[in-house]
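Observations on chain architecture
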Amino acid sequence: MPDWNHLLPFFTATMVFAFLPGPALLYTAAQTMAYGKRGGLMAALGLHIGGLVHVIAAAAGLSAVFAHVPAAYTALKIVGAIYLIWLGIGIIRTKMDPSFAEEGRAPANLPPRKSARAFLHSVMVEVLNPKTALFFIAFLPQFADPAATFPVWVQFLILGLIVGCAFSMADLVAVLLTHQVLNGLKKTRTAQRIAQWTGGTVLVGLGAHLALSK
């Protein structure tokens, strides 16, 4: 592994990137607003698994395709943007369970099928985000040491796992904070519907931002 001259800046930069407000934190907050705490947690787990796919791709050298083939980057970006917008519209159009308002509680207990759906959607959102791929192939090589005992690709995997765990910690914080804020609001059908619309709108906005960004 790299020495502490590499690792200390790596840990510092990782924590800064992880807790810097960005699309991933907005996404998990939006899922929490729409589906409650469990939905947010499943979304965070899905993002983590999707991130691992990019880590493996970076270690295998596959992610470099996006840096050298602009058309591949653009195609994946557009597909990912459309998918996010589709998810957002789906959340807005979803009929809310009346029991949430009647019982005065947040939708924390998603049915298993919806929990699995939130997880799978989040995996796809992360896998279809080429910016994540470019982040790893730009970030990890700065802290890998070719002279270290482990091969560079193994260092990529280890460093990438650390980055993924740090980002997941930030996502969990976003979920818990959003859940606490929602719990502090008056539990009415209108309030729940506003939270659902807000979550869906955030996802549509993230999709539009991804599609229009260079």
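Look up a bit, the structure's there.
What you see is a predicted model; the values in this text were computed from it and never measured. (Residues numbered from 1 in each chain as written. Predicted model: local features only at pLDDT ≥ 70, side-chain atom pairs only at ≥ 80, totals over all residues. Heavy atoms only, no water.)

**Observations regarding the overall build of the protein**
Per the secondary structure count, the protein includes nine helices and zero strands. Listing the helices and strands of the protein from first to last along the sequence gives α-α-α-α-α-α-α-α-α. The buried share of the protein, taken over its 214 residues, is 46%. Counted over contacts in the protein with a minimum sequence separation of 6, partners at least 24 positions apart contribute 86%. Per element, the accessible surface of the protein, about 11,000 Å² overall, is 73% carbon and sulfur. (Helix = DSSP H or I, 4+ residues; strand = E, 2+ residues; numbered from the N terminus. Buried < 20%, exposed > 50% of the residue type's maximum accessible area, 1.4 Å probe, protein only. Contact = heavy atoms within 4.5 Å. Areas by Shrake-Rupley, 256 points an atom, 1.4 Å probe, with all protein chains shown as cover.)

**So, the packing of helix α2 (residues 23–60) against helix α8 (residues 152–184)**
If you want to describe how two helices pack, look at the angle between their axes and the distance between the axes. Axis separation between α2 and α8 bottoms out at 9 Å; the angle between their running directions is 175°. In terms of axis orientation, α2 runs roughly antiparallel to α8. (Axes fitted to C-alpha atoms, helices over the stretch in contact; angles between N-to-C directions. Parallel < 35°, antiparallel > 145°, perpendicular 65-115°, else oblique.)

**Quick notes on the packing of helix α7 (residues 130–139) against α8**
Orientation of α7 relative to α8, taken along the N-to-C sense of each, is 130°, at an axis distance of 11 Å. Here α7 lies oblique to α8, going by the angle between them. As α7 runs across α8, the sense of the crossing is right-handed. In this structure, α7 contributes F135, F136 and F139 to the contact, and α8 contributes G160, V163 and F167. Looking at the contact of α7 with α8 residue by residue, the class counts come to five nonpolar, one polar and no charged. (Left-handed = near helix turned anticlockwise from the far one by under 90°. Nonpolar A, V, L, I, M, F, W, Y, C, P; charged D, E, K, R; others polar.)

**Describing the packing of aromatic side chains**
How two aromatic rings sit relative to each other is given by the distance of their centres and the angle of their planes. In this structure the tally under the stated criterion is 10 aromatic pairs. With centroids separated by 5.0 Å and ring planes inclined at 15°, the aromatic side chains of F135 and F139 adopt a geometry described as stacked. One end of the pair, F135, and the other, F139, are both in helix α7, four residues apart, so they sit about a helical turn from each other. A relative accessible area of 21% places F135 in the partly exposed class. Judged by relative accessible area, F139 falls into the buried class, the value being 6%. (Phe/Tyr/Trp six-rings, centres within 6.5 Å; stacked < 30°, edge-to-face > 60°.)

**Concerning the environment of F156**
With respect to the helices and strands, the residue F156 is situated in helix α8. With relative accessibility at 10%, the residue F156 sits in the buried group. Distance in space between the C-alpha atoms of F156 and F136 is 8.8 Å, their sequence separation being 20 residues. Ignoring sequence-local partners within four residues, the contact set of F156 consists of V55, A58, A59, L140, P141 and A144.

**As for a nonpolar patch on the surface**
The grouping of M15, F19, M169, V173 and L177 at the surface amounts to a nonpolar patch, some 440 Å² of accessible area in total. For the nonpolar patch, the secondary structure elements donating two or more residues are α1 (4–19) and α8. At three residues, α8 tops the list of elements feeding residues into the nonpolar patch. Within the fold, F19 resides in helix α1. (Patch = residues over 30% accessible without salt bridge, like charges linked within 9 Å, V, L, I, M, F, W, Y side chains within 5 Å. Salt bridge = Lys/Arg side-chain N within 4 Å of Asp/Glu carboxyl O.)

**So, α2**
Helix length check: α2, at 38 residues, gives a terminal C-alpha distance of 26 Å against a target of 56 Å (1.5 Å per residue), a shortfall beyond 12%. A positive phi of about 85° marks G61, the residue just after α2. (Expected span 1.5 Å × (residues − 1).)

**A few points about the nonpolar core**
The nonpolar side chains of a soluble globular protein tend to be buried, and buried together. Core analysis: the biggest nonpolar cluster contains 22 residues, and Y27, L84, L87, V125 and L203 have the highest contact counts within it. Listing elements by their share of this core, those giving two or more residues are α2, α4 (70–93) and α9 (189–212). When residues in this core are grouped by element, the largest group, seven residues, is from α4. L87 has contacts with Y27, H121, V125 and L203, leaving out every residue within four places of it along the chain. The next biggest cluster of nonpolar side chains, apart from the first, holds 14 residues, and it includes L7, V55, L140 and V163. (Core = buried A, V, L, I, M, F, W, Y, C linked by side-chain atoms within 4.5 Å.)

By themselves these figures say nothing about function.
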